[in-house]
Amino acid sequence: MHRIPHSPRSNATGTKRPVVFLQHGLISSSVDWVVMGPEKGLAYMLADAGYDVWMGNARGNMYSTAHKKLSPMAPSFWSFSWHEMGVYDLTAEIDYVLSNTSENSLNYVGHSMGTTMFLVLMSIKPEYNAKIRHMVALAPVAFLKDTKSPFASISKLLPSGVLFDMVSNWPFFPNKKLSNGLLETFCKKGIITQKMCTTTLFQIGGFNSKQLNQTMLPTILHYFPAGSSMKAWRHYGQLISSGTFRQYDHGLGNFYKYGSLNPPKYNLAVISTFVSLIVGPNDWLATPKDALHLHHLLPNSEYYEVPLAEFNHFDFMWAIDVDTLVNNKVIRLISDD
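Residues numbered from 1 in each chain as written. Predicted model: local features only at pLDDT ≥ 70, side-chain atom pairs only at ≥ 80, totals over all residues. Heavy atoms only, no water.

I would appreciate a short explanation of the overall build of the protein in the present structure.
Within the protein one finds 13 helices and nine strands. When burial is assessed residue by residue, the protein has 55% of its 337 residues classed as buried. Residue pairs at least 24 apart in sequence account for 78% of intrachain contacts in the protein once pairs closer than 6 positions are excluded. (Helix = DSSP H or I, 4+ residues; strand = E, 2+ residues; numbered from the N terminus. Buried < 20%, exposed > 50% of the residue type's maximum accessible area, 1.4 Å probe, protein only. Contact = heavy atoms within 4.5 Å.)

Shown next, in the form of structure tokens:
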């Protein structure tokens, strides 16, 4: 985890601060919350507003590939999805944060997979609802039936089953000096190949060229993609195929894992935490239709759409006007508690 414990723009260093935990999306990292700088990065803005800011890093990204026994070169290291990130990693991180701050609860802000991890944890271990004051879900992902992203849709073509799991336990878009360095070089402003870079991003998350800071693109691509597991991506593909929010499908292995033919659904009805869903109208991955379906199933939630018709999936992190379109809203929501 990374932390901004206080800001010179807010209260004195000795003042006790409310805690907020930020969790990034698939193939991303904690860098997402700071890469746009002190004036627009959500982590900085929250620190300036008087919060003790903690940022998680999902297992398998460039900050989370250490293990006591396993090497990241071994397939067994990569045998995980966002289910394990939610059930095991988030519990450890939340408990660590609360223990080190002497707080009983915290605010949680997630983007994309960061919202999926939260929903997994709160449904599997509902006792953790008491540890969350307010959850703000940016581009929430639980249902993907309406997704328009080719990047997401390809994942549903991958087979399920024990044999596939055995050969697919590998990293997914890891952060490497060579690959990320090439992205930095070919995506610089003024280079003829930059349009290819921006088009690729838009094909994943939705088109919005006016909000993409092309000067910042090489810096963003130095850290993104940051890596994850193939199994996490495949798990999202299974959600597209099934139209439901459920645990990983092991094929015939489901009988051994779950004692049933199909994997169990996550029980959203037990999530008592108040959840604010903030959705991009032009988000090709986490579409408004799927987010509204989630909103109707959550017992205690509210739904907002960003007031810009072109706002897409990545704009929550990198938009030129992310501070006024999203971040100020996030701060107001958790400050109202």
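Got a minute to help me understand the pairing of strand β4 (residues 106-111) in this structure?
Of all the six residues making up β4, six are buried; the element is thus mostly covered by neighbouring parts of the structure. Alternating positions in β4 separate into two faces, Leu106, Tyr108 and Gly110 on one and Asn107, Val109 and His111 on the other, with burial throughout. Two elements, β4 and strand β5 (residues 132-138), share six bridges in a ladder whose sense is parallel. Bridging across to β5, Val109 finds its partner in Val136. Of the crossover connections in this fold, the one passing from β4 over helix α3 (residues 113-124) to the parallel β5 is right-handed. (Pairing = 2+ DSSP bridges. Right-handed = clockwise from strand over helix to strand, strands pointing away.)

I tried to follow helix α2 (residues 82-101) on my own but got confused; where do I start?
One turn of the α-helix equals 3.6 residues, which is why residues spaced by three or four share an orientation. Maximal helix bending in α2 amounts to about 35°, located at Asp89. In terms of burial, α2 is a largely internal element, 14 of the 20 residues being buried. One or two residues past the end of α2 sits Ser102, with phi positive at roughly 60°. (Bend = angle between axes of the 7 residues up to and from the residue.)

What is the right way to read the packing of α2 against helix α9 (residues 230-242) from this model?
Helices that pack against each other are described as a pair by the angle of their axes relative to one another and the distance between those axes. At a minimum axis separation of 8 Å, α2 and α9 run at an interaxial angle of 110°. Classified by the angle between their axes, α2 and α9 sit roughly perpendicular to one another. In contact with Trp82, His83 and Met85 of α2, α9 contributes Ala232, His235, Tyr236 and Leu239. Across the contact of α2 with α9, the residue classes tally to five nonpolar, two polar and no charged. (Axes fitted to C-alpha atoms, helices over the stretch in contact; angles between N-to-C directions. Parallel < 35°, antiparallel > 145°, perpendicular 65-115°, else oblique. Nonpolar A, V, L, I, M, F, W, Y, C, P; charged D, E, K, R; others polar.)

Can you walk me through unusual backbone geometry in this structure?
Between Phe224 and the following residue, Pro225, the backbone shows a cis peptide bond with an omega angle of 0°. Mapping Pro225 onto the fold places it in the loop between α8 (217-223) and β7 (228-229). Positive phi values are uncommon outside glycine, yet Ser112 reaches one of about 55°. Take Ser112: it is sitting in the loop between β4 and α3. Positive phi values are uncommon outside glycine, yet Ala139 reaches one of about 50°. Tracing the sequence through the fold places Ala139 in the loop between β5 and α4 (150-155).

Help me understand a nonpolar patch on the surface, please; the structure alone is not making it clear to me.
The grouping of Leu252, Phe255 and Leu261 at the surface amounts to a nonpolar patch, some 360 Å² of accessible area in total. Within the secondary structure layout, Leu252 lies in the loop between α9 and α10 (254-257). Residue class for Leu252 comes out exposed when judged on its relative accessible area of 72%. (Patch = residues over 30% accessible without salt bridge, like charges linked within 9 Å, V, L, I, M, F, W, Y side chains within 5 Å. Areas by Shrake-Rupley, 256 points an atom, 1.4 Å probe, with all protein chains shown as cover. Salt bridge = Lys/Arg side-chain N within 4 Å of Asp/Glu carboxyl O.)

What is the right way to look at the sheet that holds strand β1 (residues 2-4) in this model?
Pairing between sheet strands relies on hydrogen bonds along the backbone, with the strands arranged either parallel or antiparallel. Strand order in the open sheet formed by seven strands is β1-β3-β2-β4-β5-β8-β9, and the pairing between neighbours is mixed. Looking along the sheet, the strands with just one partner apiece sit at the ends: β1 and β9 (301-305). With direction set aside, neighbouring strand axes in the sheet form an average angle of 15°. Note: strand β2 (residues 19-23) against strand β3 (residues 52-55), four bridges, orientation parallel. Note on β3: the bridge partner recorded for Val20 is Val53. In the packing of α3 onto the sheet, contacts are made with β2, β4, β5 and β8 (275-279), and the angle to β4 comes to roughly 130°.

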